[in-house]
Each structure stands twice: as structure tokens, then as C-alpha cells.
Amino acid sequence: MTFILYQLPVNTHTTMLGTSFIGYSRGLSTGPQAFAINPANGEVMEPGYAAPSSAEVEQAVSLAASAFPVYRMTSASERAKFLRAIAAEIEASVDAIAARGAAETGLPEARLRGETARTIGQLRLFATMLDDGSWLDARIETAIPDRQPIAKPDLRSMLRPLGPVAVFCASNFPLAYSVAGGDTASALAVGCPVIVKAHSSHPGTAEIVASAVVRASQACQMPEGVFSVLYGSGRDVGMTLVKHPSVKAVGFTGSFAGGRALMDAAAARPEPIPVYAEMSSINPVVMLPGILAEKSAALAEGFFQSLTMGVGQFCTNPGLLFLQDGSQQPFIDALTELIHKAAPGVMLNAGICQAYQDATSNAAKQLGVTQIASTNPPSNGQGAPMIFVCSAESFLQNPALTHEMFGPASLIVIGSLDEIAAAAEALEGQLTASIHGTSAELAANGNLLEILERRAGRIIFNGFPTGVEVCHSMVHGGPYPSTSGGRSTSVGTMAAARFARAVAWQNAPQSLLPAELQDANPLSIPRMVDGKRC
Ligand code: NAP
């Protein structure tokens, strides 16, 4: 093993210590250490990251629990200021993030910079959501004391924060779904303290971002404990958080096995809590014959780009493609040419690379499946783009063909339109489903669209699933097992509602109501009053 001393680029305030962030203090460095490994060359990076002791984990949760009563009462504008301060601190650290992030994940620096920009954008979007106030879903029904046969009470409701949230960082989004990513931003926005379980693949990136959040938190005079980051393993530190009575919700992105373990642990608590887990999805794509006849080469190019972007390590990677029998050959020929020439790419870590090799070897062994592979063999740590082809009949008979191959691999299933509809019906819940067709074809395939809508959180017309817009109307969620539930999104401002619950005040005096529900509407937020939006 070669150890390298990681040098932070100039222009950063972060000293790499390799210890957890427990409120405004740092943990001790005496626990078992884990090191980031550069997946491109196997180099082990300093510093070692010490697992926190049980007492340190308890301290982080206890600080979060005592911060909650103070933090939940901060005003929306104070929290918006806090989110904007975090964004500014991360922006100031972008060079350090890009350098360390690229070394830890094998992703290009340009991707890390882009993802940092998305992370900053997300934080600012949640700040604008707070400025606007409509996320609260404030509702007022005024009293009708003389209503017959019984008086109608004055009832006012809005969303209130749940309490401390445990956030598990994603391996494949070291920024946008990690320390200060979408789960953290949405929980902090609504008034919940956050305890992050860092991902073991990118601990240094986590440390740089965590330092930025802590600086912002101190500058905004947020209560200590509003934010902590813990290193250590999921099964130990992560599970302790999920089972802790003071933790009230969980955000997670990762494997089905990991997400399901957290869901089961949360459900088995004396007080069960919600786990918002984004797990596995193969994101089916359908290409109808008319559009294939018009532009098979362009569709092959678009599919290839979507499949290989980020070495296929996106939750929205298109892992399944349905083509109608008789229409497929020009498309498959064009795609085969692209796959043959494709360069393998460095995968996020050795475990993910091994899982990709296992999943693709398993797919190649299935009955009735043929394989189209890159002619460029992958080196250590790399994944090569790959396509598998089978009939709809084989697909329908073999559930193994629906398993996620996390990486740049996809299965093409060929059959009649009826078989494609039956195969879509048989799929488990998905984050996305995409359909390509001419206007006439789309109009004529209402049945298929209806099936896709029941199976997925987002339906994409004449496009590909990778590239998730962060905005007010995005749904990045889907029926189980793509997520733990499918009634929420983890991307976009609708994600905030996951960490809040509705509370109603009945016949409350004006002075005891939150400002958002007072008659005078001092914060000028949008509300529903007696059934009318105003
Ligand atoms: P992961 O293994 O699920 O790990 C994610 C986080 O959860 C890590 O912090 C991990 O802790 C923790 N964890 C995992 N299993 C746990 C358990 N049983 N109890 C408590 N905590 C647990 O995911 P990953 O490391 O990101 O990638 C592994 C595989 O997940 C990939 O090969 C891919 O198949 C899948 N994946 C899918 C998506 C998607 O969006 N569809 C995204 C990422 C990964 P440690 O730090 O101790 O490992």
C-alpha cells in the first residue's frame, strides 16, 4: 500500500483532522481509522478517519436533541440566511472540494465542480422556498359559532419540523447527496437538526464540506448541535443513529440491502420513524417503432450518452430498454458500434466495481441473453460499458433479469407491443420511465403510458432519464423498491415535507398562533383561507 499525504489546495480554511464533527467540537482521533482510497490508482490517502466512540455518537445526538427546541423556533428568514451562508462557504471551498473529491471518487474534477454548483444551487433554492412560505401549506378555516347543528371551530394548520434527522451520504453523489446535499438542505430548511453519517468512500470531501457548514452555522449563531458529522461504519454508527430515540427521521441514498436494513430497524423501534431511502431502480426506456425508423442513430447516441455518463453510476441510469420486434436492428447496430469503441471508466470504489462485475457476469449467464461488450478491456477499478439482449419471453420468465447492474450496463428486451406492456406491468417500482415515440405513437399508446405512470415517479417523453432538474416540481421518488415509499421526492423543494408533519391549532388565541397563521399574515405568505388560496 502506498500512502500519500493529501495536500489541500491553497485558498481553503480547512485543516484535515480526520475526526468527526460533534456540534462545534471535533472528536478524538483514538477510534479505529479508515482511509480513503483513490480508485484510479489504489493510493491510500491521509489522514485516517477515526470512528467516533459510543460516547461521541451519544454526544452528537444529545446536542441535536437540545438544539431542536431552539432551532425549530428560528424564523424562516434566519434559516434562509443560514442556508445561504452554507452555500457561500462551500462556494469558497470549491477548489479543495474538486481536488479531494476527484481523488477520492475517480470522478473528473469538472463533474465535482458541477456537482458543487448543484449543491450550492439546492441550498439557495431551499432558501427561496423559505422566503416564499408556500411549503408550509398554511390553512385557515375561520369559526362559524352559530353553525347548526354544531358550531364550527377556528382551525389553522401548517407543517412543523419532526426533530433531529440522520442523513446517510451517498457514494455516487459526494456533494449533492452527501454532507450538505438535498437531504441535509431540506431537513435544515424546515427546522430539523441534522446528524450526517459520512460515506467511507469520500471522507475527506465530507470533512471539507462539513467545515464549511460549521463555519456558516457559527457565523449565523445557530445552536450547537444543529449539525454534526460522524465517521465510522453504517452497521455501527449508522444503526445507532437510526435506533436512537432522539432521532426522528432518516434520509438515505444507496443500496437496496442498506436501505431495507435501515427501514426495518426504524420500523422495529418502540417509536417507529420514517426512513426516506432512495435505493435501486433500472429506469425502463421504451422506444416505439415509428420514432426508431425516423432516427435510430440519434436515439442510439442519446441512449449511449445516458448509459455511460458518470460510468453509469447514477440512480437514473437507463438499465432496461424495450424495443418492438422488427424495428430494432438499425438501432442495435448503431449502439453496438458505440459500445465496441467505448472506453471503460474508473468506478467509485472497489466494492462498487466488484458488484458491477458480478452483476454483469450474472446477466451474461442467463438463458437466452446475448452480450455486446466494449472491445477495450477494463483495467483494475474500471467498469466497461455493456449491453445485453434478450426476448420479452425470456425476460418475463426470469426475475434475475430485473436486477440493477449499478454501472454502464443495460438490458435490451425485444418483443411485441403486448409483451412490452406485460413486461412493464411486471416491473417493480422505478424512479423513472421513459418513452420515445412520434406524436401519433404516443397518442395511440395510452395503455402503456398508464402502466408506466403506475410504476414510476417521473415519466420522460422523448428524452433520457439521467439529468435530474432541481426545482419545485421535480419528483425524484417512485414506488417501492426504488424508494422506501414513493409518496415523496428526495430532489426539489417538495423534499422538505418529508421532515415535517402537519399540526392544527383549534380555537387558539391570536397571540399564541405562529406568525404564519395569524389573521394579519405578518409574513405575507400564501395561505388557504376558508377554502380559497390567497
Ligand atoms: P450502501 O452500501 O448502501 O451504503 C450507503 C451507506 O449506508 C453507507 O454509509 C453505509 O455504511 C450504510 N449502510 C449500508 N448498509 C448498511 C446496513 N446494513 N446498516 C447500516 N448502514 C448501512 O451503498 P453504496 O456504498 O453507495 O454502494 C453500494 C451499492 O449500492 C452499489 O454497488 C449499488 O448497487 C447500490 N447503489 C445504488 C444507488 C442508486 O441510486 N440506485 C446509489 C448508490 C449505490 P458504510 O460506510 O459502513 O458502508
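In case you missed it, the structure is sitting above this.
Rules used throughout
Residues numbered from 1 in each chain as written. Predicted model: local features only at pLDDT ≥ 70, side-chain atom pairs only at ≥ 80, totals over all residues. Heavy atoms only, no water. Pairing = 2+ DSSP bridges. Helix = DSSP H or I, 4+ residues; strand = E, 2+ residues; numbered from the N terminus. Axes fitted to C-alpha atoms, helices over the stretch in contact; angles between N-to-C directions. Contact = heavy atoms within 4.5 Å. Buried < 20%, exposed > 50% of the residue type's maximum accessible area, 1.4 Å probe, protein only. Arc of directions from axis to C-beta. 1 Å grid on protein atoms, 1.4 Å probe; cavity = no way out; pocket = protein on both sides within 12 Å on 5 of 7 lines; lining within 4 Å. Points joined across faces, edges and corners; volume = space filled by probe spheres on them. Nonpolar A, V, L, I, M, F, W, Y, C, P; charged D, E, K, R; others polar. Near = heavy atom within 4 Å. Polar contact = N/O pair within 3.5 Å; in protein donor to acceptor, adjacent residues only side chain to side chain. Areas by Shrake-Rupley, 256 points an atom, 1.4 Å probe, with all protein chains shown as cover. Domains from an automatic or database assignment.

*Asks:* Explanation requested: the sheet that holds strand β16 (residues 370-373) in the structure shown.
*Replies:* Either a parallel or an antiparallel arrangement is found when strands of a sheet pair, and the pairing is made through backbone hydrogen bonds. The strand order across the open sheet formed by seven strands is β16-β18-β19-β14-β13-β20-β21, and the pairing between neighbours is mixed. Strand pairing shows two members of the sheet lacking a second neighbour, β16 and β21 (456-461), which therefore form its edges. Taken over all neighbouring pairs, the strand axes of this sheet differ in orientation by 20° on average, direction set aside. Set on the sheet, helix α10 (residues 329-341) makes contact with β13 (284-287), β14 (320-324), β16, β18 (386-391) and β19 (409-415); between it and β16 the angle comes to about 50°. With respect to the sheet, helix α15 (residues 446-455) is in contact with β13, β20 (430-436) and β21, its orientation differing from that of β21 by roughly 140°.

*Asks:* Would you explain helix α13 (residues 417-426) in this entry?
*Replies:* Owing to its 3.6 residues per turn, the α-helix aligns residues three or four sequence positions apart on the same side. I420, A421, A423 and A424 are the residues of α13 that are buried. Axial view of α13: buried residues confined to an arc of 165°, hence all on one face. Opposite the buried face of α13, by more than 90 degrees, sit the exposed residues D418 and A426. Residues of α13 that are buried sit in contact with β13, β14, α12 (392-397), β19 and α15.

*Asks:* Explanation requested: the layout of surface pockets in the structure shown.
*Replies:* If a probe the size of a water molecule is rolled over the atoms, the empty space left behind becomes visible. If you add up the space inside the second largest pocket, you get close to 380 Å³. Around the second largest pocket, the lining is made up of 23 residues, and of these T74, S75, A76, E516 and L523 lie nearest the centre. Contributing elements (two or more residues each) for the lining of the second largest pocket: α2 (76-92), α4 (109-132) and β7 (155-161). Broken down by element, the residue count for the lining of the second largest pocket peaks at four residues, all from β7. Among the residues forming the lining of the second largest pocket, the class breakdown is 14 nonpolar, four polar and five charged.

*Asks:* Please clarify how the site of the ligand should be interpreted in this entry.
*Replies:* Neighbouring the ligand are 24 residues, the closest being S171, G234, S255, M279 and C315. Contacts to the ligand include S255, whose side-chain N or O atom sits 2.6 Å from an oxygen atom. Separating a nitrogen atom of the ligand from a side-chain N or O atom of E404 is a distance of 3.0 Å. Protein chains bury 85% of the 860 Å² of accessible surface belonging to the ligand in isolation. For the shell around the ligand, the secondary-structure elements that each account for two or more residues are α7 (234-243), α8 (256-267) and α11 (350-365). Residue composition of the shell around the ligand, by class: 10 nonpolar, 10 polar and four charged. Two domains each donate at least three residues to the shell around the ligand, and these are domain 1 (3-279 + 489-497) and domain 2 (284-461).

Shape is all these values report; function is a separate question.
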